[in-house]
Amino acid sequence: MKIRLRRLMTLCLCLVLLGTGAAFPQKLLAESPSASDVMNAVFDTPYRHTLQSDYASIRRSTLSEWTDTVWQNDVLDAKVTVGAGSQPLEQAAIRSSDFINGKHRISAEHIDIRWLQETLANIGSAQPEAPVVAYPDVIHRSGTTRIEARQLKSAWVSLTIPKDAVCGVYTGTLEVTAAGHSPITLTLTFEVLDLAAPDPQEGATQVELWQHPYTTARYYAVTPFSEEHKNYLLDQLSEYAKMGGRGIIATIVEEAWNHQSYDSDPSMIHWTKTADGSFSFDYTDFDQWIELAIQAGVLDPQTGRGQIKAYSIAPWGNIVTVYDETSGTSQRLTLTPGSEEWRTAWTAFLEDFMRHTLDKGWFDLTYIAMDEREMEVLQPCVDLIEGIRSEAGKSFKISSAMNYSSSDDYAFLDRIDDISVSLINVNEKSDAMRNLARHRQEQGLLTTIYTCTGQYPSAYTISDMADTAWTIWYTMKQGTDGFLRWSWDGWNEDPLTDVSYRTFEPGDPWLIYPAERESADESFYESPRYKMLKQGIRDINKAKFLQSLSAESETAVTQLVQSLKRPKMKINRYGSATYARSSDRELVQSEVLRMREGLNDIAKTYLQARVIPVTGAELKTSSITLRVGKNTQISLEPLPYNANPVTWQFRSQDETIASVNETGLISAKAPGQTTITVQCEENDQIQMEISLNILDLSQAPRKRAAVSPDLKTRISEILQAANAESHS
């Protein structure tokens, strides 16, 4: 009886192998590790840092699915957090499948998954005794990593949606693996709407992030504007251009901001006072910097894209450093705006600078800039700049970051081509900022909002990532042209290790990180707050694009954006600007999500009402062979693929041979040949034919499925082993 039972089980196994080709399991049972030893991996919010103090909540999380809605030519950002148990995780990795939508796919080649690296941050501002916390603020490298016991490590997931992606719902998986642990599969599902997001470079949003090229030279220990230095700068500027950056910062005096950053800000233009008392100027560094910005695509003198912001005719401290030929020394001249000495020196500079930028073809992009100076300083500067004109009667454009109040005179502000107003000076309960921005747009003038130290929401290492996205939405609510951030790359000594600095909230002076000095394949790393800044820019570009498509969309987007709520802030006991209450922190994230969901709802409403007539159709096949008694479905798609829904009419020329119903299902009735005609109700010019060949059963015998030689061999071996055991 036992032998018969064993033979029966063997036969069942062979039948299974014939049907599936599955490998014979080597181990049926495995010991279950304790819960404390098991790796866990979950989706996690990309709008907030996940710290080591969040370990318990991540270990409890079961969030294995993530959904989102994107446009064509868009980016989906997500975050996965992996937790180690009582033992370290070795060779931890995350790999992506392709993303499938019916017969359409977005390849895994479009996804970038990078582990986040922690850096230390003193959570105060100019408070050495403030606590130091590790923040995962560096989107570091892909590949494998080690995760220490009872520690967390997050990975940033960025999926670029191709411009030609077919709309619909896509699903794929992220597989998390580590040596000695069972893989964990996470599911990522997203809907692609049938709208192409504007390229950030061409979007309707002004973006200006101040650069510090000499800091890059110091960090990588290279000579300023050497070929090595230029290679680092070109990589950074190319990313800046790609994200929509348009303002290039050029220093025209030493220490325009009185050395507020870790590094000095040398002048790109070197002043010399000659023996006869006149001034001469060396533009070597300035020219190389602007040429790099043009090469990277930030500036385009031919089309008028971008701005060169020359800082500053009113430097903090009013100091201008010049080389004195007579004494052979550098001298620091105190030139108070409005004084005769100031007027003489700056007239000489502006006249020479005008000749130089005209010769280079850069004059129309160049702005003489000032930062946070009082009205009594701005007035003489504007007067002098306007008074120096080219042969064509043009003066330099003027730019100023400033502390605006509603009582400021429009007549004077209209003389400044580009102003940026601090977020902290924008009164949420007043229409002053909106009115100013609207007035200036009517005059063809730029207006932006900027953030820096002492403000919330902002863009510090210790900030929630939602803060930067919210700020971009707020610039749209106030009707401004965009956003300015005081620093893009003003690193301290070694930001990959510690972002703390003697002044400012940690990380305030930069949004990107340098790579390791010895790195051969990376020149900078992004931060999560920078990723969300870019998301905000993409989103408001989409919102502005939707406003241009229809009156209904314009009204709906305006109502949505004007409903954006602003959180309250405070200065914490360590001097850092932060949320007033935890509810204010939650408000920022919930408002960003509400804006994004509302935007996509408006887009879907627009798409439902959009008229795209069908112009053709694509048949899967124009010739079909069937046996009598069988059915098949006609497969066809309208052209273009996103045409409005259509109704197809199907007709058989001989229904005694084959019939077709209203859904396109063909039924074979008798041997013979006939034709199915397909016609579109909405466009009678679209007509196609399908040739049918119906065979009787004797003409089309059923074929047996082939069994592979390898599988036959395996079955034979199993049967022989079973037979041998039965005779033992």
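My aim in this report is to walk through the structure given alongside it, one point at a time. (Residues numbered from 1 in each chain as written. Predicted model: local features only at pLDDT ≥ 70, side-chain atom pairs only at ≥ 80, totals over all residues. Heavy atoms only, no water.)

**Focus on the sheet that holds strand E35 (residues 665-668)**
To keep things clear, this is the line we draw: Only when DSSP finds a minimum of two bridges between them are two strands counted as paired. Only DSSP runs of H or I with at least four residues qualify as helices, and only runs of E with at least two residues qualify as strands; both kinds are numbered from the N terminus onward. To obtain each axis, a line is fitted to C-alpha atoms, and for helices this fit is confined to the stretch in contact; angles are then taken between N-to-C directions over 0 to 180 degrees.
Read across the sheet, three strands follow the order E31-E35-E34 without closing on themselves; strand pairing throughout is antiparallel. The outermost strands of the open sheet, each flanked by one partner alone, are strand E31 (631-633) and strand E34 (658-660). For this sheet, the mean angle separating the axes of adjacent strands, direction not counted, is 20°. Relative to E35, E34 is paired through three bridges, and the arrangement is antiparallel. When the sheet's bridge partners are listed, alanine 658 is paired in E35 with alanine 668.

**Considering the pairing of strand E14 (residues 247-251)**
Worth spelling out the cut-off: Under the scheme applied here, a residue whose accessible area is under 20% of the maximum for its type counts as buried, over 50% as exposed, and between as partly exposed, the area being computed with a 1.4 Å probe on protein chains only.
Summarising burial for E14: five of the five residues are buried, a large majority. What you see with E14 is no split at all: Gly247, Ile249 and Thr251 on one side and Ile248 and Ala250 on the other are buried throughout. Relative to strand E17 (residues 307-311), E14 is paired through five bridges, and the arrangement is parallel. Of the residues in E17, the one forming a bridge with threonine 251 is tyrosine 311.

**Overview of the pattern of salt bridges**
This is how it is decided: Put simply, a salt bridge is a Lys or Arg side-chain nitrogen that is within 4 Å of an Asp or Glu carboxyl oxygen.
Tallied over the full model, the rule gives 42 salt bridges. For the salt bridge of glutamate 386 with arginine 415, the shortest nitrogen-to-oxygen distance reads 2.7 Å. Taken as a pair, glutamate 386 in helix H7 (residues 375-387) and arginine 415 in the loop between helix H8 (410-413) and strand E22 (418-422) lie far apart in primary sequence, 29 residues in all. For glutamate 386, a relative accessible area of 23% puts it in the partly exposed group. Among the ionic contacts, a cluster of salt bridges with common partners joins Asp68, Asp74, Asp77, Arg538, Asp539, Lys542 and Arg596.

**Digging into the packing of aromatic side chains**
Definition in use: Any two of the Phe, Tyr and Trp rings considered here, Trp counted by its six-membered ring, make a pair once their centres fall within 6.5 Å; the pair's planes then place it as stacked at under 30 degrees, edge-to-face at over 60, or tilted in between. Working rule: Lys NZ or Arg CZ, within 6 Å of ring centre, within 35 degrees of ring normal, means a charge sits over the ring.
Per the counting criterion, the structure on display carries 33 aromatic pairs. Ring centres of tyrosine 219 and tyrosine 220 lie 4.8 Å apart, and the angle between their planes is 85°; on these two criteria the pair is classed as edge-to-face. Owing to a relative accessible area of 2%, tyrosine 219 belongs among the buried residues under this scheme. A ring pair is formed by tyrosine 219 and tryptophan 491, whose centres lie 5.7 Å apart and whose planes are at 65°; its orientation type is edge-to-face. Taken together, the residues tyrosine 219 in helix H3 (residues 213-219) and tryptophan 491 in the loop between strand E24 (482-485) and strand E25 (512-514) connect sequence positions 272 residues apart. Its relative accessible area of 0% is what places tryptophan 491 among the buried residues. Ring pairs connect the aromatic residues Trp271, Phe279, Phe281, Tyr283, Phe286, Trp346, Phe349, Phe353, Trp362, Phe363 and Phe396, which therefore count as one cluster. The aromatic ring of tyrosine 367 is capped on one face by lysine 309, whose charged end is 5.4 Å from the ring centroid. Across from the ring centre of tyrosine 219, 3.9 Å away, lies the NZ or CZ of arginine 517, which sits over that ring.

**Regarding the layout of surface pockets**
This is how it is decided: Here a cavity denotes grid points, spaced 1 Å and computed from the protein atoms alone, that fit a 1.4 Å probe unable to get out, and a pocket denotes an open set having protein on both sides within 12 Å along at least 5 of 7 lines; residues with an atom within 4 Å of a point are the lining. Grid points are joined across faces, edges and corners, and a volume is the space filled by probe spheres set on the points. For this scheme, ten residues count as nonpolar: Ala, Val, Leu, Ile, Met, Phe, Trp, Tyr, Cys and Pro. Four count as charged, namely Asp, Glu, Lys and Arg, and the remainder, Gly too, count as polar.
Considering only enclosed or pocket space, the largest pocket measures out at about 730 Å³ in volume. For the largest pocket, the lining is made up of 28 residues, of which Thr160, Glu239, Lys242, Lys531 and Lys534 are closest to its centre. Those elements giving two or more residues to the lining of the largest pocket turn out to be strand E3 (74-83), strand E7 (111-122), strand E10 (152-161), helix H4 (227-242), strand E26 (524-526) and helix H11 (528-549). The calculated volume of the second largest pocket comes to roughly 550 Å³. Taken together, 29 residues form the lining of the second largest pocket, with Tyr135, Ile462, Asp464, Tyr579 and Arg585 sitting closest to its centre. For the lining of the second largest pocket, the elements supplying multiple residues, two or more each, are helix H2 (55-60), strand E8 (132-139) and strand E28 (577-579). Broken down by element, the lining of the second largest pocket gets its largest block of residues, three residues, from E28. Class assignment of the residues belonging to the lining of the second largest pocket gives a composition of 12 nonpolar, 11 polar and six charged.

**Side note on the packing of helix H10 (residues 466-477) against helix H13 (residues 582-609)**
Here is the rule: Orientation is classified from the angle alone, with under 35 degrees giving roughly parallel, over 145 giving roughly antiparallel, 65 to 115 giving roughly perpendicular, and any other angle giving oblique. Handedness of a crossing is defined here by the sense of rotation of the near helix relative to the far one, left-handed for an anticlockwise turn of less than a right angle and right-handed for a clockwise turn. Residue contacts are counted whenever heavy atoms from the two residues lie within 4.5 Å of one another.
Contact pair H10 / H13: the axes reach a minimum separation of 9 Å and the direction vectors enclose 55°. Between H10 and H13, the angle falls in the class oblique. In this structure, H10 meets H13 at a crossing whose hand is left-handed. Residue-level inspection shows Ala466, Asp467, Ala469, Trp470 and Trp473 of H10 in contact with H13, the latter providing Val588, Gln589, Glu591, Val592, Met595, Arg596 and Leu599.

**A few points about empty space enclosed by the protein**
Evaluated as defined, the whole model comprises two cavities of 30 Å³ or more. Roughly 40 Å³ of volume is contained in the largest cavity. The wall of the largest cavity is formed by Gln211, His212, Pro213, Tyr214, Ile249, Thr251, Asp265, Pro266 and Met268. Taken together, the residues of the lining of the largest cavity sort by class into five nonpolar, three polar and one charged. Looking at the second largest cavity, its volume works out to about 30 Å³.

**So, the environment of valine 80**
Relative to the elements of secondary structure, valine 80 occurs in strand E3. What makes valine 80 buried here is its relative accessible area of 0%. Through-space distance from the C-alpha of valine 80 to that of serine 339 is 59 Å; in sequence the pair is 259 residues apart. Beyond its immediate stretch of four places on either side in the chain, valine 80 contacts Val42, Phe43, Ile94, Lys153, Ser154, Ala155, Val157, Leu174, Val176 and Leu186.

**Quick look at the environment of tryptophan 342**
Tracing the sequence through the fold places tryptophan 342 in helix H6 (residues 340-360). Separated by 124 residues in sequence, tryptophan 342 and arginine 218 place their C-alpha atoms 32 Å apart. Not counting chain neighbours up to four residues away, the residues in contact with tryptophan 342 comprise Ile313, Leu335, Thr336, Pro337, Pro380, Cys381 and Leu384.

**Here we look at the environment of isoleucine 161**
Counting through the fold element by element, isoleucine 161 comes out in strand E10. Here isoleucine 161 falls in the buried class, since its relative accessible area comes to 1%. As a C-alpha pair, isoleucine 161 and asparagine 258 span 97 residues in sequence and 44 Å in three-dimensional space. Leave out the neighbours within four places in its chain, and isoleucine 161 touches Val70, Trp71, Gln72, Asn73, Asp74, Ile106, Phe190 and Val192.

**Some thoughts on the nonpolar core**
Here is the rule: In this description, a nonpolar core means a group of buried Ala, Val, Leu, Ile, Met, Phe, Trp, Tyr and Cys residues linked to one another through side-chain atoms lying within 4.5 Å.
By size, the foremost hydrophobic cluster in this structure holds 146 residues, and its most contacted members are Trp271, Phe286, Ile313 and Trp346. Look past the residues within four positions of phenylalanine 286 in its chain and what remains in contact with it is Ala250, Met268, Ile269, Ile308, Phe353, His356 and Trp362. Among the nonpolar cores identified, the runner-up in size contains 34 residues, and Met39, Val80, Leu159 and Tyr170 belong to it.

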